[in-house]
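# Remarks on the overall topology
So you can see what is in the structure, the chains are spelled out below.
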Amino acid sequence: MKSTAVAHPNIAFIKYWGQANPNLNIPPNDSLSMTKEGIGYTKLNTYTTIEFLPDYTKDTASIQETEKLAVTEEKLADRKLERVLAVINPLREKAGVDYKFRMKSCNDFPTQAGLASSASGMAALAMAAADALDLKLTKEELSTYARLGSGSAARSIQGGIVHWHQGFDHKSSYAEQLVKPENVNINAIITVISNTQKKVTSDAGHKTAKSSIFNTMRIQQTRDDLEDALGAAKNDNFSLLGEKAEDSAMYMHCVMLTSKPKRLLYWEPATLSVIKTVLDLRQSDDLECYFSIDAGPNVHVFCRPDKIYELGEILCNIKGVQMTIPVKPAGDAYITDKHLF
Ligand code: DP6
């Protein structure tokens, strides 16, 4: 009863922020994302191995990180373990198994730094656990279990461009592939501005969304923009999708910046420098690109694949940008026999 899965993070064109049902991670709106994979040295893979055994006396989970040459292992406790259990407990129940588990996960990129490691982590976890428990679930069903650990993880079960339907209960809030990776003509440069762990996790941030006067407006506008974004993604209309993506990120940050009692300001000065560079590049007309920012300082800049190296050269020279990661659309999460233990 052991299995390992690999999943990739995703970046949303149309964001979700806040929760309609916090226990089930049901979002206030549909969202749309691209599952992403590194083109260069950083591949953006999360590997998760899980084993259920009658011999285990308690559930244990850890995340292994490789920072420079040092390998560290964090044993998950409290809220972090709770999020793992939010995925595993319903799967165990469905399989009628009450064995305890050992889980180990490993990222080839910084954890919790706005690169969506919880999305790939929870997606790999749901897939590996369902396989270890011998549950035959569709990708859409798997996405509902991944969602229980991290909302955006629902979108990392499948590759390409993925649509997460808001839904109203556990079954109806699922993600499905809209465009296959080979048909997505979009790449992106991730400008890593800080790779330290963020002070306010998205998990905590979602709970503050309702305190902003812009929250209802953001939800309404996002719902209105969704049809355009879906059409743009299907018809490869990069300009329209890019414009909607930038709007969506800005609406979300308006809510974050006006949350009470404490504003959520995830940006660093270099975040603004990247935004300004993108706007200037668009003005000059020959390098069409659009930005998006999640709950962190890093900026994703979308472009057409033939512009990726030119864009990377420009962005890596911005003061405060520590590293750039070029990415392309990734494939589905998958099972592998390369176990971590
Ligand atoms: C800002 O619920 O996925 O990326 O699991 O805590 O990382 P964590 O957060 P999650 O919310 C992050 C949402 C977002 C926007 C989006 O991806 O739609």
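Residues numbered from 1 in each chain as written. Predicted model: local features only at pLDDT ≥ 70, side-chain atom pairs only at ≥ 80, totals over all residues. Heavy atoms only, no water.

## What to know about the overall build of the protein
Stated precisely, the cut-off is as follows: Runs of E in the DSSP output that reach at least two residues are strands. Runs of H or I that reach at least four are helices, and both are numbered from the N terminus. Atoms counted for the radius of gyration: C-alpha only. Globule rule: 2.2 Å times residue count to the power 0.38. Burial status follows relative accessibility: with a 1.4 Å probe on protein chains alone, a residue under 20% of its type maximum counts as buried, one over 50% as exposed, and anything between as partly exposed. Contacts were defined at the residue level, with two residues in contact if any of their heavy atoms lie within 4.5 Å. Each accessible area value is a Shrake-Rupley result obtained with a 1.4 Å probe; residue values ignore everything except the protein chains displayed when judging cover.
In terms of regular secondary structure, the protein is built from eight helices and 14 strands. Against the globule reference of 20 Å for 341 residues, the protein gives a C-alpha radius of gyration of 19 Å, in line with a compact fold. Taking all 341 residues of the protein together, 57% fall into the buried category. Across the protein, every contact between residues at least 6 apart in sequence was considered, and the portion connecting residues at least 24 apart equals 76%. About 14,900 Å² of surface is accessible on the protein, with carbon and sulfur atoms providing 51% of the total.

## Thoughts on the nonpolar core
Basically, it comes down to this: Buried Ala, Val, Leu, Ile, Met, Phe, Trp, Tyr and Cys residues that are joined via side-chain atoms within 4.5 Å together make up what is termed a nonpolar core.
The biggest cluster of nonpolar side chains holds 35 residues, and the ones touching the most others in it are Ile 50, Phe 52, Val 84, Ile 88, Leu 91 and Leu 125. Among the secondary structure elements, those contributing two or more residues to this core are β1 (2–7), β4 (46–53), β5 (60–67), α1 (78–95), β7 (100–107), α2 (117–132) and α3 (139–149). Element by element, the count of residues in this core is highest for α2, at 10 residues.

## Examining the environment of Val 299
Relative to the assigned elements, Val 299 resides in strand β12 (residues 299–303). Linking Val 299 and Ala 132, residues 167 residues apart in sequence, is a C-alpha distance of 36 Å. Filtering out sequence-adjacent residues up to four positions away, Val 299 remains in contact with Ile 189, Ile 190, Thr 191, Ile 193, Thr 271, Val 274, Phe 291, Ser 292 and Ile 293.

## Some remarks on the pairing of strand β10 (residues 187–192)
Just so we agree on the cut-off: Two strands form a pair only when DSSP identifies at least two bridges running between them.
Taking burial as the measure, the six residues of β10 include six buried ones, the bulk of the element. Residues Asn 187, Ile 189 and Thr 191 point to one face of β10 and Ala 188, Ile 190 and Val 192 to the other, with burial holding for every one of them. Across five bridges, the pairing between β10 and β12 is antiparallel. Considered in β12, the bridge of Thr 191 is made with Val 299. As paired elements, β10 and strand β13 (residues 323–329) share five bridges and run antiparallel to each other. Paired with Ile 189 across the two strands is Pro 326, which belongs to β13.

## Examining the site of the ligand
Defined as follows: Whether a residue is near a molecule or strand depends on its heavy atoms: it is near if one of them lies within 4 Å of it. N or O atoms closer than or at 3.5 Å make up a polar contact, with two conditions inside protein: a donor-capable atom paired with an acceptor-capable one, and, for residues adjacent in sequence, both atoms drawn from side chains. Three classes are used: nonpolar for Ala, Val, Leu, Ile, Met, Phe, Trp, Tyr, Cys and Pro, charged for Asp, Glu, Lys and Arg, and polar for all others, with Gly counted as polar.
With respect to spatial proximity, 16 residues lie near the ligand, and among them Tyr 16, Arg 83, Ser 118, Ser 150 and Ser 152 are the closest. One nitrogen or oxygen atom from the side chain of Arg 83 is found 2.5 Å from an oxygen atom belonging to the ligand. The contact in question runs from an oxygen atom of the ligand to an N or O atom on the side chain of Ser 152, over 2.4 Å. Per-element tally for the shell around the ligand: the top contributor is helix α4 (residues 202–206), with three residues. Among the residues making up the shell around the ligand, the classes are represented as five nonpolar, six polar and five charged.

## Description of a negative patch on the surface
Using the following cut-off: Each patch is built from salt-bridge-free residues with over 30% relative accessible area, joining like charges within 9 Å and nonpolar side chains (Val, Leu, Ile, Met, Phe, Trp, Tyr) within 5 Å. Definition used for salt bridges: Asp or Glu carboxyl oxygen within 4 Å of a side-chain nitrogen of Lys or Arg. All tallies of charge rest on Lys and Arg as positive and Asp and Glu as negative; His and the ends of each chain are not included. Working definition for charges: the position is that of NZ of Lys, CZ of Arg, CG of Asp or CD of Glu.
Residues Asp 285, Asp 286, Asp 306 and Glu 310 make up a contiguous surface patch of negative charge. When you line up the elements, Asp 285 lands in the loop between α7 (269–283) and β11 (290–293).

## Some remarks on the packing of α7 against helix α8 (residues 308–316)
Under the convention used in this document: All axes are obtained by fitting lines to C-alpha atoms, using only the stretch in contact for helices, and the reported angles, taken between N-to-C directions, cover 0 to 180 degrees. Note that the term roughly parallel is reserved for angles under 35 degrees, roughly antiparallel for angles over 145, roughly perpendicular for angles of 65 to 115, and oblique for everything else. Each crossing gets its handedness from the near helix: less than a right angle anticlockwise from the far helix is left-handed, clockwise is right-handed.
Running from N to C, α7 and α8 cross one another at 135°; their axes reach a closest spacing of 11 Å. It follows from the interaxial angle that α7 and α8 lie oblique. Seen from above, α7 lies across α8 with right-handed handedness. Listed contacts from α8 to Val 274, Thr 277 and Leu 281 of α7 are Leu 311, Ile 314 and Leu 315. Of the residues belonging to the contact of α7 with α8, the class tally is five nonpolar, one polar and no charged.

## With respect to helix α5 (residues 215–234)
Operational definition: Expected span of a helix: the number of residues minus one, times 1.5 Å. Two axes enter the definition of the bend at a residue: one is fitted to the seven residues ending there, the other to the seven starting there, and the bend is the angle between them.
Taking 1.5 Å of rise per residue, the 20 residues of α5 would be expected to cover 28 Å, and the 28 Å separating its terminal C-alpha atoms lies within 8% of that figure. Where α5 bends most, the angle comes to about 35°, and this point is Asp 225. On its buried side, α5 packs onto β2 (10–14), β3 (31–38), β8 (161–164), β9 (175–179) and α6 (238–257). Immediately beyond the C-terminal end of α5, within one or two residues, lies Asp 236, with a positive phi of roughly 55°.

## Looking at the packing of aromatic side chains
As a reminder, the rule being used: Each Phe, Tyr or Trp ring (for Trp, its six-membered ring) is paired with any other whose centre lies within 6.5 Å, and the angle between the two planes then decides the class: stacked below 30 degrees, edge-to-face above 60, tilted in between.
Applying the stated criterion across every chain, the model contains four aromatic pairs. Judged by centre distance (4.9 Å) and plane angle (75°), the rings of Tyr 16 and Trp 164 are edge-to-face. Of this pair, Tyr 16 sits in the loop between β2 and β3 while Trp 164 sits in strand β8, placing them 148 residues apart in sequence. You can call Tyr 16 buried: its relative accessible area is 9%. Judged by its relative accessible area of 0%, Trp 164 is buried.

## Some details on the pairing of β2
Buried residues dominate β2, accounting for five of its five residues. Where β2 and β3 come together, four bridges link them in antiparallel fashion. Along β3, the bridge assignment pairs Ala 12 with Ser 33.

## Focus on the pattern of salt bridges
What the rule picks out here adds up to 13 salt bridges. Of the charged contacts in the structure, one is a salt bridge between Lys 244 and Asp 225, with a shortest N-O distance of 3.3 Å. One end of the pair, Lys 244, is in helix α6; the other, Asp 225, is in helix α5, and 19 residues separate them in sequence. For the residue pair Lys 244 and Asp 225, the accessibility class agrees, reading buried in each case. Taking the shortest distance from any N to any O, the salt bridge between Glu 246 and Arg 282 comes out at 2.6 Å. Residue Glu 246 is located in helix α6, and its partner Arg 282 is located in helix α7; the two are separated by 36 residues in the primary sequence.

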